[in-house]
Structure formats: structure tokens, C-alpha cells
4 protein chains.
Amino acid sequence: MNFASDNTMGASAPVLDAILRANNGAEPAYGADSGMKRVETQFAKLFERDVKVFLVATGTAANALCIAAAVPPWGICVSHREAHIVEDECGAPEFFTQGAKLVGLPGVMAKLDAAVVDHYVSGLPNASKQMPPKAVSLSQATECGTIYQLEEIAAISAICRKHGMSLHMDGARFANAMVSLGCSPAEMTWKQGVDILSFGATKNGCLSAEAIVVFDGKLAETLDYRRKRAGQILSKGRLLSAQFEGYFADDHWLANARHANAAARKLADGLKKLESVRIAWPVEANEVFPILPLAMESRLKAAGAQFHRWAKTSLAPQEKMTGDETLVRLVTSFATQGTDIDQFLQAAAG
Amino acid sequence: MNFASDNTMGASAPVLDAILRANNGAEPAYGADSGMKRVETQFAKLFERDVKVFLVATGTAANALCIAAAVPPWGICVSHREAHIVEDECGAPEFFTQGAKLVGLPGVMAKLDAAVVDHYVSGLPNASKQMPPKAVSLSQATECGTIYQLEEIAAISAICRKHGMSLHMDGARFANAMVSLGCSPAEMTWKQGVDILSFGATKNGCLSAEAIVVFDGKLAETLDYRRKRAGQILSKGRLLSAQFEGYFADDHWLANARHANAAARKLADGLKKLESVRIAWPVEANEVFPILPLAMESRLKAAGAQFHRWAKTSLAPQEKMTGDETLVRLVTSFATQGTDIDQFLQAAAG
Amino acid sequence: MNFASDNTMGASAPVLDAILRANNGAEPAYGADSGMKRVETQFAKLFERDVKVFLVATGTAANALCIAAAVPPWGICVSHREAHIVEDECGAPEFFTQGAKLVGLPGVMAKLDAAVVDHYVSGLPNASKQMPPKAVSLSQATECGTIYQLEEIAAISAICRKHGMSLHMDGARFANAMVSLGCSPAEMTWKQGVDILSFGATKNGCLSAEAIVVFDGKLAETLDYRRKRAGQILSKGRLLSAQFEGYFADDHWLANARHANAAARKLADGLKKLESVRIAWPVEANEVFPILPLAMESRLKAAGAQFHRWAKTSLAPQEKMTGDETLVRLVTSFATQGTDIDQFLQAAAG
Amino acid sequence: MNFASDNTMGASAPVLDAILRANNGAEPAYGADSGMKRVETQFAKLFERDVKVFLVATGTAANALCIAAAVPPWGICVSHREAHIVEDECGAPEFFTQGAKLVGLPGVMAKLDAAVVDHYVSGLPNASKQMPPKAVSLSQATECGTIYQLEEIAAISAICRKHGMSLHMDGARFANAMVSLGCSPAEMTWKQGVDILSFGATKNGCLSAEAIVVFDGKLAETLDYRRKRAGQILSKGRLLSAQFEGYFADDHWLANARHANAAARKLADGLKKLESVRIAWPVEANEVFPILPLAMESRLKAAGAQFHRWAKTSLAPQEKMTGDETLVRLVTSFATQGTDIDQFLQAAAG
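Residues numbered from 1 in each chain as written. Chains lettered and ligands numbered in written order. Predicted model: local features only at pLDDT ≥ 70, side-chain atom pairs only at ≥ 80, totals over all residues. Heavy atoms only, no water.

### Describing the side chain of Ser166 of chain D
What counts, and what does not: Only DSSP runs of H or I reaching four residues or more are called helices, and only runs of E reaching two or more are called strands; each is numbered from the N terminus. Any two residues having at least one pair of non-hydrogen atoms within 4.5 Å are treated as being in contact.
Considering the arrangement of structural elements, one finds Ser166 of chain D in strand β5 (residues 166-171). With residues up to four places along the chain from it excluded, the contact list for Ser166 of chain D reads Ala70, Lys134, Ala135, Val136, Cys160, Asp195 and Leu219 of chain D.

### Brief notes about the pattern of salt bridges
For clarity, the cut-off: In what follows, salt bridge is the name for a side-chain nitrogen of Lys or Arg lying within 4 Å of a carboxyl oxygen of Asp or Glu. Per-residue accessibility, obtained with a 1.4 Å probe over protein chains only, is compared with the maximum for each type, and a residue is labelled buried under 20%, exposed over 50%, and partly exposed between these values.
Summed over the entire model, instances satisfying the criterion amount to 60 salt bridges over all chains. Here Glu94 of chain B ties to Lys101 of chain D by a salt bridge, and the two come within 3.0 Å at their closest N and O atoms. Of this pair, Glu94 of chain B sits in helix α5 (residues 92-97) while Lys101 of chain D sits in strand β3 (residues 101-105), on two different chains. Classification of Glu94 of chain B as buried rests on a relative accessible area of 2%. According to the relative accessible area criterion, Lys101 of chain D is buried, its value standing at 14%. A salt bridge links Arg173 of chain C to Glu287 of chain C; the nearest nitrogen and oxygen atoms lie 3.5 Å apart. Here Glu287 of chain C lies in strand β9 (residues 287-288) and Arg173 of chain C lies in the loop between β5 (166-171) and α8 (174-181), a separation of 114 residues in the sequence. For Arg173 of chain C, a relative accessible area of 9% puts it in the buried group. The buried category is assigned to Glu287 of chain C, whose relative accessible area is 1%. Salt bridges sharing partners connect three or more residues here, namely Asp6, Arg173, Lys203, Glu287 and Arg329 of chain A.

### Re empty space enclosed by the protein
What counts, and what does not: Cavities and pockets are defined on a 1 Å grid built over the protein atoms alone: a cavity is a set of grid points where a 1.4 Å probe fits but cannot escape, while a pocket is an open set with protein on both sides within 12 Å along at least five of seven lines, and lining residues are those with an atom within 4 Å of any such point. Grid points are joined across faces, edges and corners, and a volume is the space filled by probe spheres set on the points. Gly is put with the polar residues, along with every residue not named as nonpolar or charged; the nonpolar set is Ala, Val, Leu, Ile, Met, Phe, Trp, Tyr, Cys and Pro, and the charged set is Asp, Glu, Lys and Arg.
A full pass over the atoms with the stated rule returns six cavities of 30 Å³ or more. For the largest cavity, the calculated volume is near 80 Å³. Pro73 and Trp74 of chain A, Phe95 of chain C together with Leu65, Phe96, Gln98, Arg226, Arg229 and Ala230 of chain D are the residues that line the largest cavity. Here the residues of the lining of the largest cavity are counted per class, giving six nonpolar, one polar and two charged.

### Observations regarding the sheet that holds strand β3 (residues 101-105) of chain B
Adjacent strands of a sheet pair through backbone hydrogen bonds, lying either parallel or antiparallel. Residues and elements named next belong to chain B. Selection rule: Only strands that DSSP links by at least two bridges are regarded as paired with each other. Lines fitted to C-alpha atoms define the axes here, with helix axes fitted over just the stretch in contact, and angles between the N-to-C directions of these axes take values from 0 to 180 degrees.
Across the sheet, seven strands lie side by side as β1-β7-β6-β5-β4-β2-β3; this open sheet has mixed pairing. Looking along the sheet, the strands with just one partner apiece sit at the ends: β1 (52-56) and β3. Within the sheet, the average angular offset between the axes of one strand and its neighbour, ignoring direction, is 20°. Taken together, the five bridges between strand β4 (residues 133-139) and strand β5 (residues 166-171) define a ladder with parallel strand orientation. Residue pairing across strands places Val136 opposite Leu167, the latter belonging to β5. Helix α2 (residues 34-47) rests against β1, β6 (196-200) and β7 (210-214) of the sheet, and its axis sits at about 125° to β1.

### A closer look at the interface of chain C and chain B
Keep this limit in mind: Buried area is a sum: the accessible area each of two parts loses on coming together, probed at 1.4 Å, counted once for each and added. The definition of a polar contact used here is a pair of N or O atoms within 3.5 Å, where within protein one atom must be able to donate a hydrogen and the other to accept one, and adjacent residues in sequence count solely through side-chain atom pairs.
Contacts between chain C and chain B engage 19 residues on the former and 19 residues on the latter. Summed over both partners, the interface of chain C with chain B comes to about 1700 Å²; 62% of that surface belongs to carbon and sulfur atoms. On the surface where chain C and chain B come into contact, there are zero salt bridges. Inspection of the region where chain C meets chain B yields seven residue pairs in polar contact (both at pLDDT 80 or more). When grouped by side-chain class, the residues that make up the side of chain C that touches chain B number nine nonpolar, five polar and five charged.

### Description of the environment of Glu221 of chain B
Secondary-structure assignment places Glu221 of chain B in the loop between β7 and α10 (223-229). Taking C-alpha positions, Glu221 of chain B is 9.7 Å from Lys52 of chain B, a pair spaced 169 residues apart along the chain.

### Structural notes on the relation of the copies chain C and chain D
Note the cut-off: In this comparison the copies share one frame, found by least squares on the C-alpha atoms of residues holding pLDDT of at least 70 in both.
Superposing chain C onto chain D takes a rotation of 180° plus a shift of 0.0 Å along the axis, which leaves an RMSD of 0.0 Å. These values place the two chain copies in the arrangement generated by a two-fold rotation axis. Counting the interface residues of chain C, we find that 100% of their copies in chain D are interface residues as well, pointing to one common contact surface.

### Things to note about the relation of the copies chain C and chain B
Between chain C and chain B, the superposition needs a rotation of 180° and an axial shift of 0.0 Å, giving an RMSD of 0.0 Å. Of all interface residues in chain C, 100% are interface residues in chain B too; the two copies therefore contact each other through one and the same surface.

### Some remarks on the environment of Pro282 of chain A
All names here are of chain A. Counting through the fold element by element, Pro282 comes out in the loop between β8 (278-279) and β9 (287-288). Note on Pro282: relative accessible area 36%, which makes it partly exposed. For the pair Pro282 and Gly145, spaced 137 residues apart in sequence, the C-alpha separation works out to 7.7 Å. Beyond its immediate stretch of four places on either side in the chain, Pro282 contacts Met109, Gly145 and Thr146.

### Focus on the interface of chain C and chain D
The interface of chain C with chain D comprises 49 residues on the first partner and 49 residues on the second. When chain C packs against chain D, close to 4000 Å² is buried across both sides, 60% of that on carbon and sulfur atoms. When the area that chain C buries against chain D is broken down by residue, the three leading residues are Phe95, Arg229 and Lys236 of chain C, summing to 21%. The tally of links from chain C across to chain D stands at zero salt bridges. Across the contact surface, chain C and chain D share 24 residue pairs in polar contact (both at pLDDT 80 or more). Those elements that place two or more of their residues in the side of chain C that touches chain D are α1 (13-22), α3 (59-70), α5 (92-97), α10 (223-229) and α11 (238-248) of chain C. For the side of chain C that touches chain D, the element with the most residues is α5 of chain C, which contributes four residues. The residue makeup of the side of chain C that touches chain D, split by class, is 22 nonpolar, 17 polar and 10 charged.

### Quick look at the nonpolar core
Here is the rule we go by: What makes a nonpolar core is a set of buried Ala, Val, Leu, Ile, Met, Phe, Trp, Tyr and Cys residues whose side-chain atoms join them at distances within 4.5 Å.
Of all hydrophobic cores here, the largest spans 129 residues; its most connected members are Phe43, Phe199 and Phe244 of chain A together with Phe43, Phe199 and Phe244 of chain B. Non-local contacts of Phe199 of chain A, meaning those with residues more than four positions away in its chain, are made with Phe43, Phe47, Gly171, Phe174, Glu210, Ala211, Val213, Phe244, Tyr247, Phe248 and Trp253 of chain A. Within the second largest apolar cluster, 128 residues are counted, among which are Phe174 and Leu207 of chain C together with Ala114 and Ala177 of chain D.

### Observations regarding helix α13 (residues 294-302) of chain C
All names here are of chain C. This is how the line gets drawn: Note that the arc is defined by the directions from the helix axis to the C-beta atoms.
Within α13 the residues assigned to the buried category are Met296, Glu297 and Leu300. Within α13, the buried residues cover an arc of 105° as seen down the axis, which keeps them to one side. Along α13, exposed side chains directed more than 90 degrees from the buried face belong to Ala295 and Ala302. Residues of α13 that are buried sit in contact with β10 (290-293), β11 (308-309), β12 (325-331) and α14 (338-349). Immediately beyond the C-terminal end of α13, within one or two residues, lies Gly304, with a positive phi of roughly 100°.

### A few points about the sheet that holds strand β7 (residues 210-214) of chain A
All names here are of chain A. The seven strands lie next to each other as β1-β7-β6-β5-β4-β2-β3, forming an open sheet whose pairing is mixed. Lying at the two open borders of the sheet, with one neighbouring strand each, are β1 (52-56) and β3 (101-105). With direction set aside, neighbouring strand axes in the sheet form an average angle of 20°. Its contacts with the sheet put helix α3 (residues 59-70) on β1, β2 (76-80), β4 (133-139), β5 (166-171), β6 (196-200) and β7, and the angle it makes with β6 is roughly 175°.

### Looking at the packing of aromatic side chains
Here is the rule: Aromatic pairs are defined between Phe, Tyr and Trp rings, using the six-membered ring for Trp, whenever the two ring centres lie within 6.5 Å; interplanar angles under 30 degrees are classed as stacked, those over 60 as edge-to-face, and all others as tilted. Throughout this description, the term charge over a ring refers to an Arg CZ or Lys NZ atom that lies within 6 Å of the ring centre and within 35 degrees of the ring normal.
Considering all chains together, one arrives at 94 aromatic pairs over all chains under this definition. Ring plane angle 80° and centroid distance 6.1 Å describe the contact between Phe307 of chain B and Phe344 of chain B, whose orientation is recorded as edge-to-face. With Phe307 of chain B in the loop between α13 (294-302) and β11 (308-309) and Phe344 of chain B in helix α14 (residues 338-349), this pair connects stretches of sequence that are 37 residues apart. A relative accessible area of 4% means that Phe307 of chain B is categorised as buried. Through a chain of ring-to-ring contacts, the aromatic side chains of Phe43, Phe47, Phe174, Phe199, Phe215, Phe244, Tyr247, Phe248 and Trp253 of chain A assemble into a single cluster. Note that Arg49 of chain B overlies the ring of Trp190 of chain B, its terminal NZ or CZ placed 5.0 Å from the centroid. Here Lys111 of chain C stacks its cationic end above the ring of Tyr148 of chain C, 5.7 Å away from the centre of that ring.

This is the structure:
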């Protein structure tokens, strides 16, 4: 019953098999391996256009490199105030950009609102004493497990265009969001104006594999140097390309994401039946955020369930938790089993 | 016949098996996995003392983090002028240190000489207009495939102590050097005064696994933050710890290194028998640097041999290459097969 | 009628005279001039203890160097959200710290509240995924022209001690605040726990002269290098030291600050008599923030008065401005003349 | 008898007068003062074209900002190995560029040779593992007091064009070099292909006034932000613009430079008459580098002469100093008096 995160499980079998297969024989180093060429082709096909792809080992590196490509050291990157880049990366974006400022704006369900972004950016002074806004970064899915609708992405992108800013998408849970929307990779990204994407694969079945996918060619110009300089070009690059080969083959990545999302829905449906539980935000991807009685939390822990408490920052204003309640996060993954959910719900029911 | 590098092959079987084994079940993320605890114990045992261990994905990251831990942005790091950190990491040490200066000194066979270091450092002005020397970095084995003897390391360490500098060892080929010297990990490092070590495993049988091993506790204080900030903490940390488990088990790493070194010796011995070939530097680890007639180089390439030409910077002054000759590098690895060597020598003989 | 800023006037006469006097004869360069030695003695006397003093040309450099001395690249510096370091220095603190995060907290009248700081800092996670809090920076006087009382500084300092943070004071208007409190330099700084101070002199009668005054010796260790590296060590250092000599002689700096503060009070007293004007915040230093009818603003501009509109961020919650009103800032200085004030008030009265 | 540096004297009278004149009245802050507008016009006239001008307080800041405008964090800036930017700025270029590499090449008389630059740059690998060359920086006059002829500058510029590099000139002694060549500002800079210039004025009669002059408009795009962020925009900007007004009026700057150069020649001529003295490098600007007997050095010091010993790095190979000799630097300035020279020569003669 491990619902602590979608990074507590290893790789899914097809990904692991791909690593095994790719291990044989000699291959050029530093990303010049034959698998990488196939992966580049695959990304172009998936996104229905030419893209530049840079593989890295971690989501933090992917995000920080994307932002550094879009924001100069004296620029501002706008995101939701609960965004992973703001809260959980120990200043990696500041390090990679060499001093840019991350401005976190409020928004219900951890989502940026285009009008709020516009209002903030429009209010900035235009002088060399102040840092100019250069990019917006949005998380799809968000830190509350919610999803930007396509028109919401387009609306934010329009604000970016208006102010000369780039649009970055932190897609640590890209697949979960995409299958939830039922759209294509292209529709969720560049067709709505996304310029650069952190395409996450680790959480959804890989071991350590993230891709920077660049739609605005200008943003790709410095990335080879930035990535090398950051120690993110693996000498045995096949480790990264192989994972993506296994991930994409036979739409395995979509199956993984659908499995995780379905598990989250099942978990949420079960919890909703309990009178003492409220679900804080819509369950749109692979995360469920129930507000539980403390007694239920204890019971679940005692039964061996693993999960974390969560910040209340983005609760709706009308949501009034009592002192006897707690907000927790339950994350499902490609590896979540029906029996885990059943056991969890049983323990919750008490 | 791939002698291009020791990173052109994948993982050795025991390392790959360890990845497979570690893939099962839930594990805490971000380096809190059970394997990591075992790996820490293993490192302490290997080095016969308490050490701090930080795993990262690449040698570039390991080196750059080590140097950043030891050298402030306004400090100088001294190394051989052909060192990997100077020539081949696209300024990663400058990025991670945020502007420190790498000063490359000359030295035969790519080795730093303690007296040369002392002379350089002693000649530096002592004023805030000039950057103060803060560390020496030496590569073991060197970029010429040669090895520092223990007393040479100790001599450099003494110079470091004299001037208040830290001593870093870039051990990308740590195992090859160590089995060549026939000493223990402790003897090759902290017992000679090494303060911080990039312990390479990727080239010697892993896929992507490097460890920063810290002997001077003070240098470890900032590394957790620096590593996270650099996007070098893998969420599924088991990928890194598992490789080390497979690497160390049953002295597998030593066997790999001995195999590679023996292959290099065999290759060198065969080449030495050819009248038209000279070996530029002593073959002390897993690299051979022959000076070949251009015709022989063509013949070898035609036969399918893969290798790179190499820089003549560290040739002995008396070595006079003719216009018909070229200097090349041949790298052997745990995966080099006897038949590769035989074929290569046959093609060389013509 | 120039109330736009206290940096629109040149130097006061004694400061200018001191520059003239110091211009003669040969002096060692780079801060080794005889005037600098006298200035160091003067600072020690003023602060009643040993201090380290580093002169620089701008307040931005002083602030950024102070914060860089106290906060590592991965650390957080807490200040009021309207602080000059957050809003008006184009990321200088981020540049000098090489990526630290400035967190701006709310607070009425642009003042940080110790309890708010404590609550924020106490709520931070303690993990390498998150940046640790390392310093608090407070502005004395504040961006609203208000003043921290000694016990308020002490309360914030206590929170700093509790959490292992350093306390920086941005004293761009140090003298105005101090004469307003009627205390000594020591009482307003280290006796309340301030660790490092930007001691501003430019606004109060100099042309370009700011001092970093360090009370916590540990914070001084890197400043010589940081300052040189930032291009802030003037070769003809006498320009800076001379200004401070003229500034301090015969308590000239106190006279200047008292003059400016008195002018602000006179201006405020006159404005208060006008029914249609409200003063937004207490006038405690040399700035007045009236809420004016738009018609009055136009009248004043037409009469030649110079001043800027101001942000409403720190208005008290109960303050309800109408659409016909505007909030403006009026700054007085050592050079403000009574006739300027009279004319301004006359024009305001209409 | 102060020949230690051209920064040991204060400002010349016309510059000081200009500061006094500019001190009166209100002026907009942060470089928007009326004097700055006149200075911009003056620079355009002097250089016979549109230029972008950014005033800063120190030569270190000017150089570091110029290089940062031209070289990305992962780029190489080539200069002579004795260049001020390499040896005497505590890593300011590395700080402002955020990690670029300064590569110092050898060259007689501290001058870069176009062929040497070409050979070095042509030999660099072209891969993301290695930092790409992005700029050349040359010092006019050099650290040996020598001067690049116009065709030498043009030759280096041609190499820059060939390799896509920018050309920076460190003109800390711009005026001395220019009057020595007898050419115009335009001829010594953009007409030979210089892209960006540190135009020094401090050493030649100002107190603290340096200008970044940009000929390649693209290099100017980021400088407003970079300068603010570096704390190099003076709030009372008139201090900087006034110095330039006094400096340029009535060709005062040229007179100062001619005076200093003539003094250096007179000093050199006198020294050449002494049998035991050799002049190490041609005296082309305001510096003389004699090789003296140690006894003469002692005699001069005893007589009160001030000067520094100098590095022998750039001595001609055939120059053989004995153990009884020393190389020293004598710097003349606008303020050097004939009697100083006479006394010095008398003491030297013994």
C-alpha cells in the first residue's frame, strides 16, 4: 500500500527489458548512440513536427535547463507559487539561470490563471532597475493533481505572446495529464503555444529518463553547452535512450498512465463513499488529495499504508478543515495494484 | 575492435543483474533507498574509515561538485593542463564553482609534479586583486594512461598542506590505477592526503554511476544542497546504488579493472614488437598510446578498428614524430576480448 | 520643488570640500590611502567597537555584497516584499549571491514583523530539496518612510538567532532613521543584533559613498575578494574615503539628516491641514506619502513640483482610496529649502 | 618621485572643476542627468558614429561587463597571458560572465599575435564537450607599456571575424596609446574592427570614470541590466558624466596623455644614458620598464622614489638578466613633474 509517490517503484518491465537489450555491443558515447537517433525520430513523430530533444537524468535538471534556456540571469520566470520549481528543487532554476527570479502567483487548485498572470506582468515597471518577465512555467499535471484544459494553456500562451515571454511546461506527469485530456502530445503543447517542455518519463515507468523537448528553435541554441556543463550528458547515453525506446514502444507509456489514472479514480471513488472524507481537488490524473479524520489517518498508517500529508495552500476558500482532519496526498502509479487499493479502502472504512 | 573509449560498452553482467534485482518493490526516493545504506557501509569498509558518499550520474558532475566543495568562486584550482576538468567538461567546474579559475600546469606524461605546483603557487601574489589557490586536482589514472605513485600523491598533498589547499583526485579510472599499483583504496587516497575523490565506476563496468567520496568532513557540508541544486539527486536513487552493489560484490570491480589493464598490456606488448611503432608513455592502466605510421593507421581503420587520434602536448621533449606518423589512443575495458586484440595486432602488422 | 528623491541633489558643501582637499598629492591606490585609515578609525569610534569597513560606490553593491556574505547560493534571504533589494535592484542580490532566493513577506507600513518571520521560517521544510533560510534583511528607514523601533529590531534579531540566520540592515537612509530614533549608531545596529550593515551616505549628502559595516567578523572573511571581483574597489580610493571624512566631520551627517527629517515633518504638517489629503503612513524620516485628489496632483505638477506616484501595497487594510485619489511619495533631503515646501503647500492648497 | 602607478594621483584640475560645476541643482538620478546626454553626444562625435555608452566607476567593472556582453558562461575569451583581466581582477570577468574561461596566450612585449590567436583557436575541438571561443581581448596600451599598431589590431580583428569572435579592447590607457599612435579614436577602434571598448579615464586625470563604448549594437542589448545588477549605476550619475565633461573639454584628455607620454620618454632617455641600465621594452606610452642593478634600485628607494618590481614573463628570449639586476616599472601620469624625473635620474646615476 505505497501511495507516497510515483517514484517509489522501479521501472516497468518493458522499460527494463529495453535497458537490457540496449546493453549489448559497442555504441558511440555522449548521446551519439544509435538508440538516441531512433528516439529523436520517435519524438518528432509523436509531436508531429521537428523538435529538438535533449535527454537528461532528472526532472530537476530538465526544468532548470528549460528555464535557463528561456530566462536570462536578470529575468523573471512566473509560475504557480506551489510549483515544484519554486518549492522543491533547492534553487536549481536559480542555479542554472544564474540568478533569475522565480515569481510564484496564487491560483486555486495549483493552477495559474491567465488573467492573474497578465495582471501581474502588466503591472511590472519597465526599467533596468527591475527584472523583466521572460517566461511562464506551468505544471501539467499540477501539484494538486489537476489538469490544465487545452484552452487554459492557450490563454496563458496568449499572455506570453503579448508580453514577449516564453512558455515552459513542466511535464513531470505529462502522460497522466495527456491521457486524462484524451488529446495528442502536439495538442497539449506547441499547438497551444508551449515553447519548451520537460517531458517526464521517470514517474511513469522509467528509472531515470527525462527529455527536454524544444518547439521554439531559438531556445535550443544553448542547450548542448548548458547540458554538458551541468554534467547531464551521460557518457553511456544508451541508458537514457533505451528507456525511452521501451517507454514508447507499443504505446506502453499511455498504458502506464491510463493504469495509474484509473487507480486514482478507483481510490477516489472508494473514498468518496466514506462520509467522513472529502476530496480536496478534482481527481484528474494519478493523485488523490483526501481530507481525512486524523483517526482514519492513524488507522491507515497502522495498516501499513504509506503516504504524505500535504500543504493546504491551494484549498478552495470555502473549504473549512477542522482540527480533527488532515489533508493527505495519495499517488498511484503504473505499479499500483487493485489489491493495494482495496486494502487501503478497507482500512479507511475501519 | 572498439578501442575508442571505455565508455563505448554497456554494463558488465553483475552490474546489470544488480539493477534488475533492485528494480522490485517500493523504495523511498531521493537516495533514501535501502541499497544506498548498504552502499554507504560498503564505501566505509573499502576505505577503512568513515566517509561521506554522494552518488551522481556522471563523472563531470562528480568532478565539478568536488571542486565546488573545495574552491570558492574567487579561488584557483590547479591541475595538469591536459586534465579532463580543463579540457573536456565544457566549463562544468567553472559553472559549479560559479567562476573559479582552473590553472593548468605542464608536466610530462600528463602528471603534475609537486615541485612545479609548489613553484607556481609560491609565486602567486597575496592580495585581493588576485585569486587565491584553493585546491589541486590530479587525475588517477592520468589522461596519458599513466599512474601517480603513492609517494607522488603524498608529495603533492604536502604542497597542498603547505599552502592551505585541498587535494582532489579525479578517479574516473580509479580501479585501473589501484590494481595497477596493487594498493588499497585507502592507501591511494586519504592515507596520502587526498581530501575528496571522484570515484568513477561507469568506465569500469557500470552504466552511469559515480561517487563523490569525502575524507575531509568540512568539504561535505554543502554537498547535499549543491547536488540537489544541480539536478543530480535521482528520484529513483536505487538505479545508482544498485550499480554500486553489483560493482563491489565479489570484488567484481577489481576483476574488471585487472581484465582491462591486462588487455592494454597485451596490446602494447604486441605493438612493441612492430618495428615501426613506438609507445609514447608507459602502459600503466587500460590505455595504450602508440605512435603509428599513417599507413598503419589507415590499415587498421580499414580493418574496422575504432580509436581516436590524441594530442601530442605531453610527449617527452626528445620524442620526434615524423610527418608520416600519428599518435593514437587505444582504450581497453572490462569487455575487451582477446580476439579483438589479436585482430588489431594482425591488422597492424599488415 | 524637487521631491522626487533624495538622490536628485549633488553633494553637500562639506563633502565636496573634502573631495577637493583629498585630491592633492600621491596616495596609495585600491583603498590603502591615508584617508581610508582615518575613516576606519572613525567608524570604530562611531560604533563603539571594532568593525570591518568596506567602501563601495553604490547602495545596490553594498546590499548585494552584504547579502552574499551572509547567504550561500542555495539559501533564502527574507525581507519585506517591498524591500529595495526585492523590487529595485534588478536582481543584484541574486547575482552577487549567485542564485539565492529573496523571499518577500507582507507587513504593514513596509515593516517586517518578527512573528511573521518566525512563522514563515518555522514552516519551512528541513531537507536538501528546499533552500534553507540564512538571513533576514530589514530596511531602516523602510520603503514607506517608517522606522523600526529598537525593540522591533531586537525582536527580529531574536528570531534570526533562533533559526541560525544572520541579520542585515539596509541603511540607505541610516542617518534619517537614527536621528529620528534619537539613538546611537551602536544602539540601532549591533546592540540589537544586527550582523552586517549597508551604511548609506549618498542620499544624505555624499555623491557616491556607501559603507559595508560588519559586526559579525565571520561575514567579513570573503568581502575583500567579493568586492574586488565585483569591480567595487576604486583605484583612486580617496574619492570614497574623502566623502566619508567630510560627512562625519563636525557631525555634518547628523545635521543633514535632521534637516531632511524636519523638512518632511513640515511638509506633512502643512498637508494635514488640507481636508482632502490623508497621510498614508507616519512620517518618521524624510519621506511623506500623501493620498491626494488627482486634481491636486495635476495642480502640483503644473506648478513645477516633481514627485512620483507610489505603490499601494503596504496601505493599511482599512484605507479605502477612491478613484479620484492617488498615492504619491515626497522625499526631502539635506538640500530641501523652506521655500520649496511653502510653494508646494501653496500649490496644493490651490 | 612617485612612479608606482598612474592611479596614485587624484583628478586633474579641469576634471575636478567639472565635478564642482555639476554639483549644483537637481538632476534626474541613475544616469538620466543632463550631463550624461552631453557626454553621449561627445562620445558619438569623438568616434564619428553612433555608439552606445555605459559609464561605470572602475576599469575592472568596465572590462568584466564588456567581456560578459560578448562571451556566454560556456565561452572562451582569449587574451595575452599577462593581461590585467587575467592577472589582476580577482576573477571579475569570471564572475560577470558567470564562468567563462580566460585563456592567456604568450606573446612578446605583452602583445597578442594574430597568428598565435589563429593557431590556438583553429586547434580547438568543435564539440559541446569543449568551450567555444567567443572573444579576444587586447590591452591598448599593454601591460608592458607597448602599443598595438593599427594593422596589428586589424589583423587580430580579421582572426576574430574568421572564427565568429568579438573583439574587446581594454583601453585603461586608451589616451596614452592613441596620442602615441597619432590616430583618431575611430581609427584605433571600430575602423580596425574593435566591437566593444573599455574606455579608461581614471588613470589619465579622472578620479573614478570609465566608459563602456559599444560599436557592435548587439553587444549593447544586455548591458543596461548587467550594469544595474552589478551595482554600477550611480544614483547621482552626474559624478561620472561630469568627469567626462571636464576630461573631454578643450582636448584636456589629449594634453594629459601627451604630458604623461613625454614624461615617460624623458625618463627613458635619461636612463638609457646610464651604462648599467637596459630598457626592457620600447617606451610607447607612459610606462618605462628598466632593468636596473639591485644597488641602483636600493639607491632610488633610499632617495624616496616609489615604484614596483615587475614580472619577467614577457622579456625577449635573448634578454639575460643577471642575479644582480631587477626589472622595475615606472609609470608617469598627467601629474608627473619634470623635477621628479630629474631627481630620479640623479639618484639613479648615484
